[in-house]
Amino acid sequence: MEPPAAKRSRGCPAEPDERDAGAGAARGQGRPEALLDLSAKRVAESWAFEQVEERFSRVPEPVQKRIVFWSFPRSEREICMYSSLGYPPPEGEHDARVPFTRGLHLLQSGAVDRVLQVGFHLSGNIREPGGPGEPERLYHVSISFDRCKITSVSCGCDNRDLFYCAHVVALSLYRIRHARQVELRLPISETLSQMNRDQLQKFVQYLISAHHTEVLPTAQRLADEILLLGSEINLVHGAPDPTAGAGIEDANCWHLDEEQIQEQVKQLLSNGGYYGASQQLRSMFSKVREMLRMRDSNGARMLILMTEQFLQDPRLALWRQQGAGMTDKCRQLWDELGALWVCVVLSPHCKPEERAGWLQLLSRWDKLDVCPLEEGNYSFDGPSLQPTVAPIPELLQKGSTCITNTEGWVGHPLDPIGCLCRALLEACRLEEEALTLYPDSGPEKRKVAYQHVPVPGSPGESYLVLALEVALLGLGQQRALPEGLYAQDKVVRNEEQLLALLEEVELDERLVQVLRKQAGLLLEGGPFSGFGEVLFRESVPMHTCARYLFTALLPHDPDLAYRLALRAMRLPVLETAFPAGEPHPSPLDSIMSNRFPRWFILGHLETRQCELASTMLTAAKGDPKWLHAVLGSIQQNIHSPALLFKLAQDACKTATPVSAPPDTTLLGIALELGLQVMRMTLNIMTWRRREMVRWLVSCATEIGPQALMNIMQNWYSLFTPVEAATIVAVTGTTHATLLRLQLDTPRREELWACARTLALQCAMKDPQNCALPALTLCEKNHSAFEAAYQIVLDAAAGGLGHAHLFTVARYMEHRGLPLRAYKLATLALAQLSIAFNQDSHPAVNDVLWACSLSHSLGRHELSAIVPLIIRSIHCAPMLSDILRRSASSWMRQSPPTSPPATRASRTSARGTMGTSLNSWARPGRPSCWRPTGTSSSHSSWRTSNRPTRARRNSCFWCGSVLVEGQWGAWEWGSPSPLRPPPLLSNEAHVAFQYY
């Protein structure tokens, strides 16, 4: 409900002073302000006007006017805070959603008119242009203020929102920017005191006449009460004046629509599953923080209203009834609500009675059944935690073998370290000169400036130093990882938020000394420090904090920076996870989540560990001592091959800048990391192996030919035979690689010899997959090629499949070695076996190719391959298809006009193969005999396979030719007068053709 206008009762004032109220108000530029203005400013900020009147029996009119003049807010910052969102609106919606921007545009366009200030009341008209085809709209705005705060607003637009409307903003900005142009009058009670009876009667009658429809009933009621001597109104001295400011007992706070806040929070909570609702609730939390930063009492007031609506959320009772937990979004909102209450209660600016009232409210809310408990179990109930280093008597005497304080300060539901650090930094924050709606939303985020503010009563201390020490104390604490995914995720988020605050602080010499001191204390902190020598298995790793400390200390104390970062590289849960000699079950994945069900964020922690290692590698470039130290720490502490590979890639990229010579030491470390990845993933088939192998070859190429030959010579422990033969050997001998290495002829031949040796070794180890790559690589060297060919022949006897043999045979034919191709084809046919029902066997094309190859070599090779085909192929349709295709191929190869002798020899060859196949297909029957086909088959053949008149065709078996008979029909006839008539009828030829 909107609070009523500030009112108070006033007695009869003293006689007014006739002096001009504006006298002495205007001062020339550069001249000091008048004492009257200085005093009036101070009084207007802290005293209610009623207190001024009670303190002084007579206040001159010029003094009253100056106090009234300076009582209006003088800064636009508060106006902006109460009329803008807590987060940047979407692109292009600034005018549509932000009232402050719209009000500023109205002011700049001259829409403010008839502004009048009567005492502590400001009024004016705002003319807003209408849309296309719409008339101009006029809004009347009224603002009440007191002690530099707007206490109530009223606008004809009937705005229902959390923020002031654009019309209130326009009028307020006009009063701030053009204060001298506003007509100023004293409170209306001062004006009435100057009138006599006739003037007062005339004033009242004119007022009633001007607004008789609105005020006439009220005027008559008040007249009746005044005429009644015993009425309550006659018992009160004076009369209320809405323009005289607030009373002494009235609350002095900015106008806040409580009813609208409650309604909007309730609506947003009902839509809690949507992203926009959570975003708007966070904007309201940001608005509370902004109010607290400006020491506005409405911050706590708004937080109370929001908390009451959160407790009335119907989902809380439903979750409690079902025994289910809150959603993650709801948990985050409750966490932020609790953190804000910590800020409010611990605020050093609040009064003791205010703090007592808030604590009473919190106690009452805590007793409600629907009030949720703190999320996350921060007590460790598991087995005793053993240290991950060798037992050191001196260290173990300082603490036990389990974490003393399992409840960490960072990640706590109330975020004590974050609240304290923000409070201390806020005390050191410099005031921004320019007003900005969204300081973090520009193209370049403006860095916050801090300064050293001395702590009262503590010489040499400053709030900025204390903020840094508090943050490092919380981040460096050795603490157990809490239970549950949400609690663990909160630990990570709180760490990142704290470090983001520290990164905003510009380090000077004083802060650097603090960093060095705190880093030394963390290294020597024993079991209470996350950087101590004793680190327990359940401890939260220090990678994120160490990365900040390393970056900050490196320019000032490199030794300390490296010692701290190397100490923080440990990840104890992985160091104690595998007994000695036990293989890692999933090396390419981030980590085995099923082995560590409590560590839900282990993948994120490993990524942070990798980022710390990458930062150290980049910083140590050019320093072999620290590079090797970092390499040893990486090999000892990082157990994920994927992250090791990423580190190797980053190191190689850093070591080979575009405009500078490469760093050979860092390149060697990148290669060493790559070799470790190869060894870890050798027996694991992953989709990234080929990428890793190619990168390793390129990295070795960057180092030089010796590194490339080393990985070729030691390929057994790094690559599979397929990878070595198809990627390493091939990539290492490409033209681009040879140009990159710039080798002379002897060195190039040495590299080629190493690659050929590698290929032959791979072919011997895995001939099925590496024989053909080995032959291809050894083409230019006769002895190596012969050795590879012999490996294939030996493998054929040892079980090399017919498909691979056919592939190598085709390669041999392509290289112009048909006899070797024929030899491999016969070996493949000897291994081939096609059953009677395998009419779609994939080897049919290879068999046809083998037949064609044997035919091209001569009758002897063709005669030798026919028994292999008969023995290997038992499928009649496939045999028929092989014969038909072979016959067509041979007929296409024969010239149209051949000498009789050549044709006879070719026919004899065909007859030989046909007789053998026919005898197998129909044992005991003549070679050219086939059952007569049906007439339908003959008709089908005639319609679908009828040749043209210009072409002659012959039977594969008996040499008969197709000739044109009577009525244009095609018949089988004698091929020449020297040959006997065909043994088969037309139907028989057709039937065999389709058989």
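Residues numbered from 1 in each chain as written. Predicted model: local features only at pLDDT ≥ 70, side-chain atom pairs only at ≥ 80, totals over all residues. Heavy atoms only, no water.

- An unreviewed UniProt entry annotates the protein chain as Zinc finger SWIM-type containing 4 of Macaca mulatta.

Comments concerning the overall build of the protein chain
Thinking step 1. Counting secondary structure elements, the protein chain contains 44 helices and nine strands.
Thinking step 2. By the burial criterion, 46% of the 995 residues in the protein chain qualify as buried.
Thinking step 3. Here the protein chain displays about 50,700 Å² of accessible surface, and carbon together with sulfur accounts for 54% of that area. (Helix = DSSP H or I, 4+ residues; strand = E, 2+ residues; numbered from the N terminus. Buried < 20%, exposed > 50% of the residue type's maximum accessible area, 1.4 Å probe, protein only. Areas by Shrake-Rupley, 256 points an atom, 1.4 Å probe, with all protein chains shown as cover.)

Some thoughts on the sheet that holds strand E5 (residues 149-155)
Thinking step 1. What the five strands build is an open sheet, ordered E5-E4-E3-E2-E6; its pairing is mixed. Unpaired on one side and paired on the other, E5 and strand E6 (183-185) mark the two borders of the sheet. Pairs of neighbouring strands in the sheet enclose a mean axial angle of 20°, with direction left out of account.
Thinking step 2. One ladder, built from three bridges, connects strand E2 (residues 112-118) with E6; its direction is parallel. Looking at the pairing, Val118 lines up with Arg185 of E6.
Thinking step 3. Sitting on the sheet, helix H3 (residues 61-70) touches E2, strand E4 (137-146) and E6, and the angle it makes with E6 is about 125°.
Thinking step 4. Contacting E2, strand E3 (121-128), E4 and E5, helix H7 (residues 166-177) runs over the sheet at an angle of about 120° to E3. (Pairing = 2+ DSSP bridges. Axes fitted to C-alpha atoms, helices over the stretch in contact; angles between N-to-C directions. Contact = heavy atoms within 4.5 Å.)

Remarks on the UniProt feature "domain: SWIM-type" (unreviewed entry) in the protein chain
Thinking step 1. UniProt records the feature "domain: SWIM-type" (unreviewed entry) for residues 139-176 in the present numbering.
Thinking step 2. Taken end to end, residues 139-176 has its terminal C-alpha atoms 20 Å apart, with 29% of it in helix and 39% in strand. (UniProt positions renumbered as here; feature names shortened; annotations may be inferred.)

Topic: the side chain of Thr681
Thinking step 1. If you trace the backbone, Thr681 turns up in the loop between helix H29 (664-680) and helix H30 (689-703).
Thinking step 2. Side chain to side chain, Thr681 and Arg689 meet in a polar contact 2.8 Å long.
Thinking step 3. If we skip the residues at most four places from it in the chain, Thr681 touches Pro641, Arg689 and Met692. (Polar contact = N/O pair within 3.5 Å; in protein donor to acceptor, adjacent residues only side chain to side chain.)

Comments concerning the pairing of E5
Thinking step 1. Of all seven residues making up E5, five are buried, and the element is well covered by its neighbours.
Thinking step 2. The loop that links E4 with its antiparallel partner E5 comprises two residues; one of these, Arg147, has a positive phi angle of about 50°.

Describing the nonpolar core
Thinking step 1. Core analysis: the biggest nonpolar cluster contains 151 residues, and Phe531, Leu617, Ile634 and Phe719 have the highest contact counts within it.
Thinking step 2. In this structure, Phe719 is in contact with Met678, Leu682, Arg689, Val693, Leu696, Ile711, Ala724 and Val728, ignoring residues within four places of it in sequence.
Thinking step 3. Counting 83 residues, the second-largest nonpolar core is a separate cluster that includes Trp70, Val112, Ile150 and Met291. (Core = buried A, V, L, I, M, F, W, Y, C linked by side-chain atoms within 4.5 Å.)

Thoughts on helix H27 (residues 624-637)
Thinking step 1. In this model H27 runs 20 Å from its N-terminal to its C-terminal C-alpha over 14 residues, within 8% of the 20 Å that 1.5 Å per residue would give.
Thinking step 2. Listed as buried for H27 are Trp626, Leu627, Val630, Leu631, Ser633, Ile634 and Asn637. All buried residues of H27 lie within an arc of 165° about the axis, which places them on one face of the element. In H27, the exposed positions angled more than 90 degrees off the buried face are occupied by Lys625 and Gln636. (Expected span 1.5 Å × (residues − 1). Arc of directions from axis to C-beta.)

A short note on the packing of helix H38 (residues 818-831) against helix H40 (residues 859-872)
Thinking step 1. Close contact between H38 and H40 brings their axes to 9 Å; oriented N to C, the two are set at 20°. Judged by the angle between their axes, H38 and H40 are roughly parallel. Once H38 is placed against H40, the crossing between them reads as left-handed. On H40, the residues that touch Tyr822, Thr826 and Leu829 of H38 are Glu861, Ala864, Ile865, Leu868, Ile869 and Ser872.
Thinking step 2. Here the residues of the contact of H38 with H40 are counted per class, giving six nonpolar, two polar and one charged. (Parallel < 35°, antiparallel > 145°, perpendicular 65-115°, else oblique. Left-handed = near helix turned anticlockwise from the far one by under 90°. Nonpolar A, V, L, I, M, F, W, Y, C, P; charged D, E, K, R; others polar.)

Quick notes on unusual backbone geometry
Thinking step 1. Notably, Arg114 is not glycine yet its phi reads approximately 55°, a positive angle.
Thinking step 2. For Arg114, the position within the fold is in strand E2.
Thinking step 3. Despite not being glycine, Arg295 shows a phi value in the positive range, around 55°.

A look at the packing of helix H16 (residues 328-345) against helix H17 (residues 352-366)
Thinking step 1. Remark: H16 packs on H17, axes separated minimally by 10 Å, with the N-to-C direction vectors making an angle of 150°. It follows that H16 is roughly antiparallel to H17 by the angle criterion. Residues Trp341, Val344 and Val345 of H16 form the contact with H17, whose participating residues are Arg355, Trp358, Leu359, Leu362 and Trp365.
Thinking step 2. In terms of residue class, the contact of H16 with H17 is made up of seven nonpolar, no polar and one charged.

Digging into the packing of aromatic side chains
Thinking step 1. What the rule picks out here adds up to 13 aromatic pairs.
Thinking step 2. Relative to Trp334, the ring of Phe310 has its centre 5.6 Å away and its plane inclined at 90°; by these criteria the two rings are edge-to-face. Of this pair, Phe310 sits in helix H14 (residues 298-311) while Trp334 sits in helix H16, placing them 24 residues apart in sequence.
Thinking step 3. Residue Phe310 is classed as buried on the basis of its relative accessible area, which comes to 1%. (Phe/Tyr/Trp six-rings, centres within 6.5 Å; stacked < 30°, edge-to-face > 60°.)

Considerations on the pattern of salt bridges
Thinking step 1. One pass over the full model with this rule turns up 39 salt bridges.
Thinking step 2. Taking the shortest distance from any N to any O, the salt bridge between Glu33 and Lys41 comes out at 3.0 Å.
Thinking step 3. Residue Glu672 is joined to Arg679 by a salt bridge in which the shortest nitrogen-to-oxygen separation is 3.5 Å.
Thinking step 4. Looking at Glu672, the relative accessible area reads 28%, which means it is partly exposed. (Salt bridge = Lys/Arg side-chain N within 4 Å of Asp/Glu carboxyl O.)

Describing the environment of Lys65
Thinking step 1. Along the chain, Lys65 turns up in helix H3.
Thinking step 2. A residue is classified by how much of its surface remains accessible, and Lys65, at 14% relative accessible area, is buried.

Some words on a nonpolar patch on the surface
Thinking step 1. A surface patch of nonpolar side chains, amounting to about 300 Å² of accessible area, comprises Ile188, Phe203, Val204 and Leu207.
Thinking step 2. Take Phe203: its relative accessible area is 33%, and that puts it in the partly exposed class. (Patch = residues over 30% accessible without salt bridge, like charges linked within 9 Å, V, L, I, M, F, W, Y side chains within 5 Å.)

Here we look at the pairing of E3
Thinking step 1. The buried count for E3 comes to six of eight residues, which makes it a mostly enclosed element.
Thinking step 2. Pairing of E2 with E3 involves five bridges; the strand directions are antiparallel. From the neighbouring strand, Val118 faces E3, where its bridge partner is His121.
Thinking step 3. As consecutive antiparallel partners, E2 and E3 are separated by two residues, and within that stretch Gly119 has a phi angle of approximately 60°, a positive value.
Thinking step 4. Where E3 and E4 come together, eight bridges link them in antiparallel fashion.

With respect to helix H37 (residues 802-814)
Thinking step 1. Taking 1.5 Å per residue, 13 residues should reach 18 Å; H37 reaches 18 Å between its end C-alpha atoms and fits that length.
Thinking step 2. Listed as buried for H37 are Leu805, Phe806, Val808, Ala809, Tyr811 and Met812.
Thinking step 3. For H37, the secondary structure elements touched by its buried residues are helix H35 (767-777), helix H36 (782-797), H38 and helix H39 (844-857).
Thinking step 4. Just past H37, the residue Gly816 takes up positive phi, approximately 85°.

Here we look at the environment of Glu469
Thinking step 1. Structurally, Glu469 can be placed in helix H20 (residues 463-475).
Thinking step 2. Separated by 45 residues in sequence, Glu469 and Val514 have C-alpha atoms that sit 7.5 Å apart.
Thinking step 3. Not counting residues up to four positions away in its chain, the partners in contact with Glu469 are Val514 and Gln518.

Notes on the state of the cysteines
Thinking step 1. The final tally for this structure, using the stated rule, is zero disulfides.
Thinking step 2. The thiol of Cys343 is unpaired, and the distance to the nearest cysteine sulfur, on Cys419, comes to 3.8 Å.
Thinking step 3. Assessed through its relative accessible area of 22%, Cys343 is described here as partly exposed. (Disulfide = S-S within 2.5 Å.)

With respect to the side chain of Asn125
Thinking step 1. As for its placement among the helices and strands, Asn125 is situated in strand E3.
Thinking step 2. Residue Asn125 is classed as buried on the basis of its relative accessible area, which comes to 10%.
Thinking step 3. When near neighbours in sequence (up to four residues on either side) are disregarded, Asn125 contacts Ala111, Val112, Asp113, Arg114, Leu138, Tyr139 and His140.

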